[in-house]
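Summary of the model geometry
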Amino acid sequence: MSDLVIPAPSVPTLPTSTGGRFPVRRVFCVGRNYAAHAREMGHDPDREPPFFFTKPADAIVADDADTPYPTETERLEHEVELVVAIGTAGSDIDPAHALEHVWGYAVGLDLTRRDLQAEAKRLGRPWDMAKGFDASAPIGTLVPAAGVDPTAGTVELRIDGEIAQTGDLAEQIWSVAEVIATLSRFVRLEPGDLVMTGTPEGVGRIERGALLEGEIVGVGRVVTRVA
């Protein structure tokens, strides 16, 4: 019997505004980082530090490609977010120096099987199949960190041209610097890691065929159609 040959996996990449491609290593996500969103999900944002969950790198949908509607859900929901791309490794990072580890920023969508997440919460089970499914992270073009202010800027999502979510980066409970510093106490951040930094209020249902257009002033856009 011949030996099994397993091909090396391809590395997901994101386009950059400088004309290159950014290889993605891991995707971390921050939960409930906007007070109004935490309240709309039934939680008190003043009582909890940042917590994290993950998506696999190959969950990324890049280059404005269509996003397939996932199986095993009757309630797919949208969450528009600022995405941080790590360019310099570090652990136990000082918040005062955290932004020095950032290569750039993008706009992303944390797609969620909300019905599966609700059931997982009820049963005290992990969220993996609610958050980390195939094509659950459409992300736009990365722009270099220089010139981007991650502490302020309108965050908006339109569905078929109508505003579905709107907020501001200034409303984040934990700043980008604080998020990076906190996460780096749990794992050593490496170049290629992405951090999705939470969503403002207004999350809601996505129907098949919907055109999603997310934008953050000073950062850029993400566009995808849910096929």
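Everything below is about the structure printed above this text.
Not measured: the values here are computed from a predicted model.

1. Observations concerning the pattern of salt bridges
- Scanning all chains against the criterion turns up 14 salt bridges.
- Its salt-bridge partner being Arg188, residue Glu190 comes within 2.9 Å of it at the nearest N-O pair.
- On the basis of relative accessible area, Arg188 is assigned to the partly exposed category, the value being 45%.
- Through salt bridges with shared partners, a single ionic network connects Lys55, Arg75, Glu77, Glu79, Asp110, Arg114 and Lys131.

2. A closer look at the sheet that holds strand β17 (residues 220-225)
- Spatial strand order, β13-β12-β16-β17: 4 strands in an open sheet with antiparallel pairing. Strands at the two margins of the open sheet, each flanked by one partner only, are β13 (162-168) and β17. Between one strand axis and the next, the sheet turns through 10 degrees on average, direction left out of account.
- Note: strand β16 (residues 211-216) against β17, 6 bridges, orientation antiparallel. From the neighbouring strand, Glu213 faces β17, where its bridge partner is Val223.

3. Considerations on the environment of Ala164
- Within the secondary structure layout, Ala164 lies in strand β13.
- Remark: the alpha-carbon pair of Ala164 and Ile206, spanning 42 residues in sequence, is separated by 10 Å.
- When sequence neighbours within four positions are dropped, the list of residues in contact with Ala164 reads His78, Leu157, Arg158, Ile159 and Gly202.

4. With respect to the pairing of strand β7 (residues 80-86)
- Counting buried positions along β7 gives 7 out of 7 residues, so the element sits mostly inside the fold.
- Here β7 shows a buried face lined by Val80, Leu82, Val84 and Ile86 and a second buried face lined by Glu81, Val83 and Ala85.
- Note: β7 against strand β8 (residues 102-109), 7 bridges, orientation antiparallel. What sits directly across from Val80, in β8, is Leu109.
- Here β7 pairs with strand β14 (residues 193-196) via 3 bridges, running antiparallel. Bridge assignment links Val84 to a residue of β14, and that residue is Val195.

5. Here's the deal with helix α4 (residues 176-186)
- Summarising burial for α4: 8 of the 11 residues are buried, a large majority.
- By the burial criterion, the buried members of α4 are Val176, Ala177, Val179, Ile180, Ala181, Thr182, Leu183 and Ser184.
- Against β3 (26-31), β4 (51-55), β7, β8 and β14 lie the buried residues of α4.

6. Quick look at the packing of aromatic side chains
- This model, assessed by the stated rule, comprises 4 aromatic pairs.
- Measuring from centroid to centroid gives 5.5 Å for Phe53 and Trp127, while their planes differ by 55 degrees, and the two rings are tilted. Of this pair, Phe53 sits in strand β4 while Trp127 sits in the loop between α2 (114-123) and α3 (128-131); the two residues are 74 residues apart in sequence, bridging distant segments of the chain. Trp127 matches Phe53 in its accessibility class, with the two residues each being buried.
- Each member of the aromatic cluster is reached from another via a ring pair, and the members are Phe51, Phe53 and Trp127.
- The lysine or arginine in question, Lys55, covers the ring of Phe133, its NZ or CZ lying 5.9 Å from the ring centre.
- A cation over an aromatic ring shows up here: Arg208 above the ring of Tyr69, its NZ or CZ 3.9 Å from the ring centre.

7. Concerning unusual backbone geometry
- Positioned with a positive phi, Glu72 is a non-glycine residue whose angle comes to about 60 degrees.
- Relative to the helices and strands, Glu72 is located in the loop between β5 (60-61) and β6 (76-78).
- Look at Glu72 and you get exposed, because its relative accessible area is 65%.
- Even without being glycine, Ala135 reaches a positive phi, approximately 60 degrees.
- By relative accessible area, which is 11% here, Ala135 ends up buried.

8. Description of the sheet that holds strand β11 (residues 143-144)
- Taken in spatial order, the 6 strands make up an open sheet running β4-β3-β14-β7-β8-β11, and their pairing is mixed. Bordering the open sheet on either side are β4 and β11, each of which pairs with just one other strand.
- In the sheet, β8 pairs with β11 via 2 bridges, with the strands oriented antiparallel. When the bridges of β11 are listed, Tyr105 appears paired with Val143.
- Against the sheet, α4 engages β3, β4, β7, β8 and β14, with an angle of about 60 degrees to β7.

Criteria and cut-off values
Residues numbered from 1 in each chain as written. Predicted model: local features only at pLDDT ≥ 70, side-chain atom pairs only at ≥ 80, totals over all residues. Heavy atoms only, no water. Salt bridge = Lys/Arg side-chain N within 4 Å of Asp/Glu carboxyl O. Buried < 20%, exposed > 50% of the residue type's maximum accessible area, 1.4 Å probe, protein only. Pairing = 2+ DSSP bridges. Helix = DSSP H or I, 4+ residues; strand = E, 2+ residues; numbered from the N terminus. Axes fitted to C-alpha atoms, helices over the stretch in contact; angles between N-to-C directions. Contact = heavy atoms within 4.5 Å. Phe/Tyr/Trp six-rings, centres within 6.5 Å; stacked < 30°, edge-to-face > 60°. Lys NZ or Arg CZ within 6 Å of the ring centre and 35° of its normal.

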